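# Topology and contacts: notes
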Amino acid sequence: MGAPRCPECNKFCSLEMEEPELDSCEADEGVLYVNVRLLKNCADCGTEVREAYLELEIPFVLPDHDEDDDMTFEIEEEPVLENEEKCIGKGRYMRTEHGVSGTARVKCMIDSKSDSKETVIEVPITIEDGTEAAGNFEDTY
Ligand SMILES: [Zn+2]
């Protein structure tokens with residue numbers, strides 16, 4: 001893929017990262033699934049030029065429970081995501097990796113024979129949970 005070209009301005013342009021879009025956020029037993037769309041916009045007019053998708057699976061620690069308890073999970077609060085990036089390698093082999101950070105709140109409902117309780121677990125999302133290389137972004141048009 002060559003230099004980015006903006007379909008609106010119809011010229012080569014510089015790109016800037018747009019706010020990440022949260023596609024979906026679900027929790028299951030001990031895993032948070034987060035799908036994110038990363039966007040690069042034309043720095044001149046704001047048109048979306050390139051995009052990439054992150055599919056993150058983030059393990060979290062379950063609250064205390066007995067083995068035969070019933071557990072259900074619900075997203076209490078979706079994460080507000082911010083762009084993160086890191087550089088890997090050196091010199092002309094250096095590449096930029098894009099990821100996100102934020103915090104999701106997962107409500108865990110535990111039903112045991114004697115009682116039921118709810119716990120809210122904060123699950124941090126960091127760039128270490130997954131990235132996409134800048135070179136893997138694809139044209140949106
Ligand atoms: Zn443009």
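Residues numbered from 1 in each chain as written. Predicted model: local features only at pLDDT ≥ 70, side-chain atom pairs only at ≥ 80, totals over all residues.

### Points about the environment of G89
Applicable threshold: Going along the chain from the N terminus, every DSSP run of H or I of four or more residues is numbered as a helix, and every run of E of two or more is numbered as a strand. Counting other C-beta atoms within 10 Å of each residue's C-beta, where C-beta atoms are placed from the backbone, gives the exposure class: buried for 20 or more, exposed for 12 or fewer, partly exposed between. Contact between two residues is assigned whenever their backbone-derived C-beta positions fall within 7 Å.
Tracing the backbone through its elements, the reader meets G89 in the loop between β8 (82-88) and β9 (95-111). Exposure remark for G89: the 9 C-beta atoms within 10 Å place this residue in the exposed category. Those residues in contact with G89 that lie beyond four places of it in its chain are M94 and R95.

### A word on the nonpolar core
Across soluble globular proteins, you tend to see nonpolar side chains buried next to one another. Our working rule: Nonpolar core, as used here: buried Ala, Val, Leu, Ile, Met, Phe, Trp, Tyr and Cys residues forming one set through C-beta atoms within 7 Å.
Core analysis: the largest hydrophobic core is formed by 15 residues, its most contacted members being L32, V36, A104 and V106. Secondary-structure elements contributing two or more residues to this core are β4 (21-28), β5 (31-42), β9 and β10 (116-125).

### With respect to the environment of L39
With respect to the element layout, L39 can be found in strand β5. Residue class for L39 comes out buried when judged on the 20 C-beta atoms lying within 10 Å of it. In this structure L39 touches E18, E21, E48 and E51, once residues within four positions along its chain are discounted.

### A look at unusual backbone geometry
Where the residue is not glycine, phi is negative for most of them; where a peptide bond is considered, it is trans in most cases. Positive phi values are uncommon outside glycine, yet N10 reaches one of about 60 degrees. As for its placement among the helices and strands, N10 is situated in the loop between β1 (5-6) and β2 (11-12).

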